[in-house]
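The primary structure of each chain is shown beneath.
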Amino acid sequence: ATAERSGMELIAVVMHAPTSNDRFESAKVLLNYGFANFTAYMPAADDLAPIPVTLGTAETVQPVLEGSDSFVIEKTRAGDMQTTFDLPETLAAPIQAGQRLGEMTVSAGGETVLTVPIIAQAGVDALGLPELLISFVRGLAGNAVKDAK
């Protein structure tokens, strides 16, 4: 049996019940228990700022959570959740779409409840030789302008 409340869907499986009515009632009890004691938790992943990329065809890459954005947790822990992100300050190209960049850790009361990989939303190719030369020349011209001031 399945049921959905407040955006959270639960599934109950009952085996070896003598009758269909017994299976239904047992499933109903399990689902009510689940909705009474668990909730969907949505970590604050909006804080994931783009990460600068060195020597890449794009200046930044956007980190995103791998998989679902919400997770089922015990209601008693929902108010005590703390989210931390472990991400590098910069990355070097090339970066593949879906490449693991770090992780998000959700904890409650000092205990880790959930660890979610953080991946690159899109790939960033490395600069080729022509682009590197152009970047080098622009850097020299920028330094010459700064020195002239």
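*Asks:* Hey, could you run me through the pattern of salt bridges in this one?
*Replies:* Oppositely charged side chains may form a pair once their charged atoms are brought near each other. Enumeration according to the criterion identifies three salt bridges in this entry. Of the charged contacts, one joins lysine 28 and glutamate 25 as a salt bridge, the two residues approaching to 3.5 Å between their closest N and O atoms. On the criterion of helical spacing, the pair formed by lysine 28 and glutamate 25 is a turn pair, its members being three residues apart in helix α1 (residues 20–37). Classification of lysine 28 by relative accessible area gives partly exposed; the value is 40%. According to the relative accessible area criterion, glutamate 25 is partly exposed, its value standing at 33%. The salt bridge partner of glutamate 111 is arginine 77, with a shortest N-O separation of 2.7 Å.

*Asks:* Explain the side chain of serine 107 to me, please; I cannot follow it from the model alone.
*Replies:* Along the polypeptide, serine 107 turns up in strand β10 (residues 100–108). Residue classification places serine 107 among the buried residues on the basis of a relative accessible area of 14%. Ignoring any residue separated from it by four or fewer positions in sequence, one finds serine 107 in contact with Asp80, Met81, Gln82, Thr112 and Val113.

*Asks:* Please clarify how the sheet that holds strand β5 (residues 60–61) should be interpreted in this entry.
*Replies:* Within a beta sheet, neighbouring strands are joined by backbone hydrogen bonds and run either parallel or antiparallel to one another. The sheet built from three strands is open, its strands ordered β5-β4-β9 with mixed pairing. At either margin of the open sheet sits one strand with a lone partner, and together these are β5 and β9 (91–92). Where strand β4 (residues 51–54) and β9 come together, two bridges link them in parallel fashion. Along β9, the bridge assignment pairs threonine 54 with alanine 92.

Cut-offs applied
- Residues numbered from 1 in each chain as written.
- Predicted model: local features only at pLDDT ≥ 70, side-chain atom pairs only at ≥ 80, totals over all residues.
- Heavy atoms only, no water.
- Salt bridge = Lys/Arg side-chain N within 4 Å of Asp/Glu carboxyl O.
- Helix = DSSP H or I, 4+ residues; strand = E, 2+ residues; numbered from the N terminus.
- Buried < 20%, exposed > 50% of the residue type's maximum accessible area, 1.4 Å probe, protein only.
- Contact = heavy atoms within 4.5 Å.
- Pairing = 2+ DSSP bridges.

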